[in-house]
Amino acid sequence: MKITGWRTLTTWHHWERPIGDVNGTIESGVTEVPILMLETDEGITGIGLGGHADIERVFPAIEGEDPRAVTALYDRMLAWVFKSGHAGSTFGAIGVVDMALWDLKAKCAGEPLWRQLGARRGFVPGYASGLDYPLSLDALVALHQRFAERGFSAFKLKGGLDVEQDRQRFTAVREVYLRNTPSPVMMLDVNESMNSKQAVRYINRLQETLDLSWIEEPVRRWDATGHAAIRQQISCAVATGENLTGIEQYLPLLKEQAVDVLQAGMCWGITHFLRVANLAQAFNLPVSPVGYNANPVAHAAAAVANHLSCEVQDLNFPLGLQVDQRIENGGILLGDEPGLGISIDETAIQSQQDKGSWTIARGPHVRPERAGLRLTLQSPLREQ
């Protein structure tokens, strides 16, 4: 079997609500989902989800190769772009190709990827996370009621600008999950919006009345000293890592004892997650993948001993994707379809050409000018 080519198309995810965090909001609730289809000479196609704008740069590293040599091809792609490819869109393209390669490998074996990777069963515990900062209190509660109906007992909220508002939101949502557990697990994600002193003050004030499990990305992703200072002065855990690309970027956090939960972005691929999980295991730390459309890395999470919980961002899947998994019992139940269990209805996608982007100017992927520089955390998100 040889890799012969690739195709790409775009579908959209309809969140049916505004989404965002303290950095910005996507009011339309519609975001693009890039799809990579890796083709072979035997007619089997591998599917990867996520941004892959640099696919033309990395494809020559795998063209004509046997796709089943996944980890060797992953390292070959990294070597192909070693001068500048360990970050950004190039690393993202490598991750999406890697996802498609693993999909191919499992399809060739005729089994789901979770089984190919050695998991005993295809269930992954998760936590509810709705990218929910723009929602009113009533809408927030209604959203998490739907998660609670699926058996979740842990949830994460976006916040970090107003202590009392966050306290109110956590208190209201916590009541929702009492139907499933007497002690719901609560997490706060501030998306790199603070400096270390702000984070310590903020969390300590919240924890006067709330038992938080973790704060996520309190300061910039590379700030090992800042993360360590925060970790030493608060009682909840510090979680970070979703925006780090390559395991070498985790080392400063580990050397500074600056993190309690290592995270990995799903769009960086299967091999990246497995290597982050092994690194975390060496330091006796748990690992947690952040959410993405169709939850592809959940297959790998099912196969690692130190997986803690997988972020579940929505209960629906993007337009035109049929996904062999169910969100139930507080997690993700992966099916038995070969590979990632994702099939594509191209006709459905082509019949509805939507518009939506993660990177609009006022969206959560564009950093505000005053992020980390606010003397009062209630100041406006963006300068006019």
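Rules behind the numbers
Residues numbered from 1 in each chain as written. Predicted model: local features only at pLDDT ≥ 70, side-chain atom pairs only at ≥ 80, totals over all residues. Heavy atoms only, no water. Helix = DSSP H or I, 4+ residues; strand = E, 2+ residues; numbered from the N terminus. Buried < 20%, exposed > 50% of the residue type's maximum accessible area, 1.4 Å probe, protein only. Polar contact = N/O pair within 3.5 Å; in protein donor to acceptor, adjacent residues only side chain to side chain. Contact = heavy atoms within 4.5 Å. Pairing = 2+ DSSP bridges. Axes fitted to C-alpha atoms, helices over the stretch in contact; angles between N-to-C directions. Salt bridge = Lys/Arg side-chain N within 4 Å of Asp/Glu carboxyl O.

The name that an unreviewed UniProt entry assigns to the protein is Racemase, with the source organism given as Citrobacter farmeri.

### Quick look at the side chain of S288
Among the secondary structure elements, S288 is positioned in strand β12 (residues 287–289). Residue class for S288 comes out buried when judged on its relative accessible area of 0%. A polar side-chain atom of S288 sits 2.4 Å from the main-chain carbonyl oxygen of S309. Discounting chain neighbours no more than four positions away, the residues touching S288 are Y127, W214, V261, L262, Q263, A264 and S309.

### Structural notes on the sheet that holds strand β4 (residues 30–40)
Strand order in the open sheet formed by three strands is β1-β4-β5, and the pairing between neighbours is antiparallel. Sheet topology places β1 (3–14) and β5 (46–49) at the edges, where each strand pairs with a single neighbour. Each adjacent strand pair in this sheet contributes to an overall mean axis angle of 20 degrees, direction not counted. The sheet contacts of helix α3 (residues 88–109) involve β1, β4 and β5, and relative to β5 the element is tilted by about 145 degrees.

### A short note on the pattern of salt bridges
Evaluation of the coordinates by the stated rule reveals 16 salt bridges. Here E164 makes a salt bridge to R205, at a shortest N to O gap of 3.7 Å. With a gap of 41 residues between them, E164 in helix α6 (residues 163–177) and R205 in helix α7 (residues 196–206) connect regions that are remote in the sequence. A salt bridge links R220 to E192; its shortest N-O distance comes to 2.8 Å. One end of the pair, R220, is in the loop between β9 (212–216) and α8 (224–233); the other, E192, is in the loop between β8 (185–189) and α7, with 28 residues separating them in the sequence. Classification of R220 as partly exposed rests on a relative accessible area of 24%. Several salt bridges share partner residues, and in doing so they unite K156, K158, D189, E216 and E311 into one network.

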